[in-house]
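Read off the chains here:
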Amino acid sequence: LGIKDMAGLLKPKAANMLVGAIRKEFPDLPIHVHCHDTSGNGVAAMLEAVRAGADAIDASIDSMSGMTAQPSLGALNAALAAEGIETGMNNEGITALSEYWEGVRPQYAPFECTVTMKSGSADVYQHQIPGGQYTNLHFQAFSMGQADQWPAIKKAYRNANMMLGDIVKVTPSSKVVGDLALFMVQNGIETEEDLLAQAETLSFPSSVIEFFQGYLGHPVGGFPEPLRSKVLKTGTSNAFLPVQGRPGADLDAYDFDQERKKLEYKYGNSITFKDVLSSALYPAVFKEYMAFQEEFGRVEKIPSYAYFSPMKLGEELTVSIRKGKEFVIKLVAMTDVDDAGNKHVFFDVNGTPISITVRDKSSTDGSMAREKADKAELGSVGAPMPGQVLSVKVKEGTSVAKDTNLVVLSAMKMETVVTAPCTGLVKRIMVKSGDQVQGGDLLVEIDEKAADVSRKSETSPGGLQPGYGSSIDEPATRVKK
């Protein structure tokens, strides 16, 4: 039996009571306990679990332990040894491994929770953010320009969780809670009353819509009302269709052989079955990965510190391609940004001068000031949050009905379908696929007075229909309606 405490909510006494009760009822059942140490109670909780009869517990090497990771392996090993419980490990060996990983860890510092979290924090008992999601959510907030609102996001996560029915939070359901929390903070929504009052005019993240449609299954006790009906626009002609029965029951058989042929035609004969699975599960992510490889090659040979952080002038590194073949690369010089937003970079590679031209994203991304949506005008449709435009679903001069899909946005795998707040004529489209936008930037302008009900948009109303992916992926056409 696996007991998974993904947020680290299990307090020491509760761990003893839970494991003890199970052990009493099932004396021969193997019990394995997993927890995170966000609160700082992890070591104590796992010791109590062992005392109550747990057979296995999870821990992290000392230099990687604590906070949103698992409790310290060395600390647990020493404490158990003092109680006469032998694990087969010695602390000298654990220390040697810990020292190695202590040197590796700083290379991945930008992705750590330590950007905002310097120690364990008992506020996890309030917000209940899983340890594995905490760092991802913070990085997502940072990328969306919300890093300074982290305390508000943690509070919103707690509120969003309760609004969704206090659901079990583990991938992918935890993502639904996180997406809704970020969405609420971005749009200044603090309470369920505020959310319900604005629900009919909001473009909710796709993951939230799919949750209420039932694509993750049905939570114990059912979906919370009236929020579900508001999000799905129940009772309207543009309602999102709920899933009947088990979500995967309507999936057609997937043709792996056909997918392999498509990938081999596009990328060559080096496609593996792992590539086929990656494309089947995450088509857009796999496409981005292959495009990255085509542009930059196999970057796994580059030292991690040079991959994650820019080289400094005069810095030199060695890249070992294979035994006996190395490249010694030195950054010699770099020009200022030219009028096209490019920099010319000069290297010395094994004694040979090489220059390349690269686009300076820091000087080009988001540099264009965009027109803001007019909140006083219903037809002035703004971006609900910062992100990238994945696709534009309508054309200028087209009549659209209320709730017609207009634009699909993505911010760190959080996808949002922006729909028409009213019926009217598409007067202006201010973005195109690939554009970066900030919250409030004008996306589409709809003229309510010029509505022509006899003309129909190429994109039918109804927003997210069954089969639409909640990640960055395109609509999954193989799901039956």
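First things first, this report covers the structure right here in the doc. Model, not experiment: these values are computed from the prediction. (Residues numbered from 1 in each chain as written. Predicted model: local features only at pLDDT ≥ 70, side-chain atom pairs only at ≥ 80, totals over all residues. Heavy atoms only, no water.)

1. Considering the packing of helix α1 (residues 12-25) against helix α2 (residues 42-51)
Orientation of α1 relative to α2, taken along the N-to-C sense of each, is 25°, at an axis distance of 8 Å. Between α1 and α2, the interaxial angle falls into the category roughly parallel. For the crossing formed where α1 meets α2, the hand is right-handed. Counting all contacts with α1, which are made through P12, A15, N16 and V19, the residues of α2 involved are A44, A45, E48 and A49. Across the contact of α1 with α2, the residue classes break down as six nonpolar, one polar and one charged. (Axes fitted to C-alpha atoms, helices over the stretch in contact; angles between N-to-C directions. Helix = DSSP H or I, 4+ residues; strand = E, 2+ residues; numbered from the N terminus. Parallel < 35°, antiparallel > 145°, perpendicular 65-115°, else oblique. Left-handed = near helix turned anticlockwise from the far one by under 90°. Contact = heavy atoms within 4.5 Å. Nonpolar A, V, L, I, M, F, W, Y, C, P; charged D, E, K, R; others polar.)

2. Comments concerning the sheet that holds strand β6 (residues 342-349)
A sheet is described by the order of its strands in space; here four strands give the open sequence β4-β5-β6-β7, paired in antiparallel fashion. The outermost strands of the open sheet, each flanked by one partner alone, are β4 (316-322) and β7 (352-359). Direction aside, the axes of adjacent strands within the sheet are offset by 35° on average. Bridge analysis of β6 against β7 gives eight bridges, and the strand direction is antiparallel. When the sheet's bridge partners are listed, H344 is paired in β7 with T357. (Pairing = 2+ DSSP bridges.)

3. Side note on unusual backbone geometry
Of note, the amide linkage connecting T171 to P172 takes the cis form, showing an omega dihedral of 5°. Counting through the fold element by element, P172 comes out in the loop between α7 (150-163) and α8 (173-186). Residues E225 and P226 are joined by a peptide bond in cis, for which omega reads 10°. Inspection of the secondary structure puts P226 in the loop between α10 (206-213) and α11 (227-232).

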